[in-house]
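Fold and contact review
The residues making up each chain are set out below.
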Amino acid sequence: MSIRERQITDELFYKKFERTYQNLTLTGKAPWLKEGKIERDIAYNPTSGVIFKGVNALMLEMSAAEQGFKESRWLSESEVNNLKLRVRPGMEPTPIAYVNRYAHATDVHPSTGKAFDEKHPKQKYYYMYNIEQLKEYSLIRESGLTLDRALVQEKIKTVVENTKTNRFPEILDKVSSSAEQKITDEKARLIAQELSRYRMTQEFKGNFIPQAPLLAMKDASIKTHGATLLTTLYHAEVAKDRFISRGMNLENDKVRTVARTRQQEHQQGLSL
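Going along each chain's sequence as written, the residues are numbered from 1 onward. Residues qualify for local features only when their pLDDT is at least 70, as the model is predicted, and side-chain atom pairs are given and counted only at 80 or more; totals for whole chains, interfaces and linings, by contrast, use all residues. Excluded from the side-chain calculations are hydrogens and water; all other atoms, namely the structure's heavy atoms, are used.

**Considering helix α3 (residues 54-67)**
Where helices and strands are cited, they refer to DSSP runs of H or I of at least four residues and of E of at least two residues respectively, numbered from the N terminus. Expected helix span is given by 1.5 Å per residue-to-residue step, counting one fewer step than there are residues. Across its 14 residues, α3 extends 20 Å between first and last C-alpha, which sits within 8% of the 20 Å expected from 1.5 Å per residue. With twelve of 14 residues buried, α3 lies mostly within the body of the structure. Burial here depends on accessible area, computed with a 1.4 Å probe over protein chains only, as a share of the maximum for the residue type. Under 20% is buried, over 50% is exposed, and the range in between is partly exposed. Those residues of α3 not exposed but buried are Gly-54, Val-55, Asn-56, Ala-57, Leu-58, Met-59, Leu-60, Glu-61, Met-62, Ser-63, Ala-64 and Ala-65. Immediately beyond the C-terminal end of α3, within one or two residues, lies Gly-68, with a positive phi of roughly 75°.

This is the structure:
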């Protein structure tokens with residue numbers, strides 16, 4: 001772990017999250033404000049196969065959108081150093097949380113999926129780099145673990161079981177309805193609905209079509225305390241995850257990985 005990672009506080013993380021969100025909405029870069037093809041896959045670590053969840057997934061997705069990255073692959077700061085990779089000048093890392101009010105503690109590292117030990121003790125926050133931020137990006141662009149069709153097929157099966165429908169528009173409606181259930185502010189409900197719809201569409205690599213009326217930039221900025229924003233987006237992410245998780249569990253005690261999904265598919269007799 002690095003010294004600067006230990007210096008990240010909850011307040012700094014929340015402020016970073018809020019600033020990134022506000023910049024995306026004010027400049028029109030927020031992907032859930034647009035209509036069209038999803039810009040990136042869901043964020044994941046190509047070394048460990050960990051697929052990021054919750055607020056961490058949103059933080060990395062927003063950071064990629066803000067900086068114009070098309071890649072969804074992220075490496076931890078320690079992995080960048082261990083692999084002898086180099087960060088391009090001027091590139092800043094994106095923080096993710098091991099545990100805070102919006103990121104539940106697990107028994108493993110949130111990026112590597114490995115158990116903590118004396119050499120790798122728990123800490124609250126970690127820095128991540130998008131592979132586009134690396135000098136070696138052109139060399140590693142086509143290498144490493146990738147998300148494939150088999151992962152999507154397993155998620156489709158689970159979503160159909162949990163929503164009792166195979167019609168994607170109906171699935172999106174159920175996701176957006178679920179997202180607004182715990183939110184009282186009308187503007188916040190709109191944001192939760194559209195973000196959950198965008199994130200569900202992103203999971204299935206489809207085309208995102210916002211509900212009418214289209215969420216406008218002026219409606220997408222929550223000019224209140226950051227906790228309101230984080231709570232809204234957290235509920236949107238949970239709404240999406242509860243429909244793609246087996247048995248409606250959010251796997252708070254585990255880390256969702258490409259490898260685990262493929263193992264489940266193999267056990268269920270699905271083709272890879």
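Having seen the structure, we can now continue with the description.
**Section: the sheet that holds strand β2 (residues 74-76)**
We treat two strands as partners when DSSP finds at least two bridges between them. The strand order β2-β4-β3 describes an open sheet built from three strands, whose pairing is antiparallel. Single-partner strands in this sheet number two, and they are β2 and β3 (94-97). Here the average twist between neighbouring strands, direction ignored, is 45°. By the bridge criterion, three bridges tie β2 to strand β4 (residues 125-130) in an arrangement that is antiparallel. Residue pairing across strands places Trp-74 opposite Asn-130, the latter belonging to β4. Here helix α2 (residues 10-27) sits on the sheet and contacts β3 and β4; the angle it forms with β3, its principal contact strand, is near 120°. Contacts were defined at the residue level, with two residues in contact if any of their heavy atoms lie within 4.5 Å. Structural elements are reduced to axes, namely lines fitted to C-alpha atoms, with helices fitted over the stretch in contact, and the angle between N-to-C directions of any two is expressed from 0 to 180 degrees. Here α3 sits on the sheet and contacts β2, β3 and β4; the angle it forms with β3, its principal contact strand, is near 170°.

**Some points on the environment of His-235**
Within the fold, His-235 resides in helix α10 (residues 226-244). What makes His-235 buried here is its relative accessible area of 17%. Placed 39 residues apart in sequence, His-235 and Ser-196 show a C-alpha to C-alpha distance of 8.6 Å. Those residues in contact with His-235 that sit more than four places away from it in its chain are Ala-179, Lys-182 and Ile-183.

**Some thoughts on the nonpolar core**
To form a nonpolar core, buried Ala, Val, Leu, Ile, Met, Phe, Trp, Tyr and Cys residues must be joined to one another through side-chain atoms within 4.5 Å. Core analysis: the biggest nonpolar cluster contains 35 residues, and Phe-13, Phe-17, Tyr-21, Trp-32, Val-55, Met-62 and Leu-233 have the highest contact counts within it. Counting only elements with at least two residues in this core, the list comes to α2, α3, β4, α8 (186-203) and α10. With six residues, the top contributor of residues to this core is α10. In this structure Phe-17 touches Val-55, Leu-58, Met-59, Met-62, Leu-229, Leu-230 and Leu-233, once residues within four positions along its chain are discounted. Counting residues in each nonpolar core, the second largest holds twelve residues, with Ala-43, Phe-52, Ala-57 and Leu-60 among its members.

**Side note on the pattern of salt bridges**
Only one rule defines a salt bridge in this text: a Lys or Arg side-chain nitrogen within 4 Å of an Asp or Glu carboxyl oxygen. Under the defined criterion, the tally for this structure stands at 20 salt bridges. Two residues, Arg-4 and Glu-77, come together in a salt bridge whose shortest N-O distance is 2.5 Å. Here Arg-4 is found in helix α1 (residues 3-6), whereas its partner Glu-77 is found in helix α4 (residues 77-82), with 73 residues between them in sequence. Assessed through its relative accessible area of 33%, Arg-4 is described here as partly exposed. Using a relative accessible area of 8% as the deciding quantity, one classes Glu-77 as buried. Salt-bridge contacts for Asp-173 lead to Arg-197; the nearest nitrogen and oxygen are separated by 3.6 Å. Within this pair, whereas Asp-173 is found in helix α7 (residues 168-180), its partner Arg-197 is found in helix α8, the two being separated by 24 residues in sequence. Accessibility expressed as a relative area gives 36% for Asp-173, which makes it partly exposed. Each of Lys-53, Lys-155, Arg-199, Glu-203, Glu-237, Lys-240 and Asp-241 takes part in a single network of salt bridges with overlapping partners.

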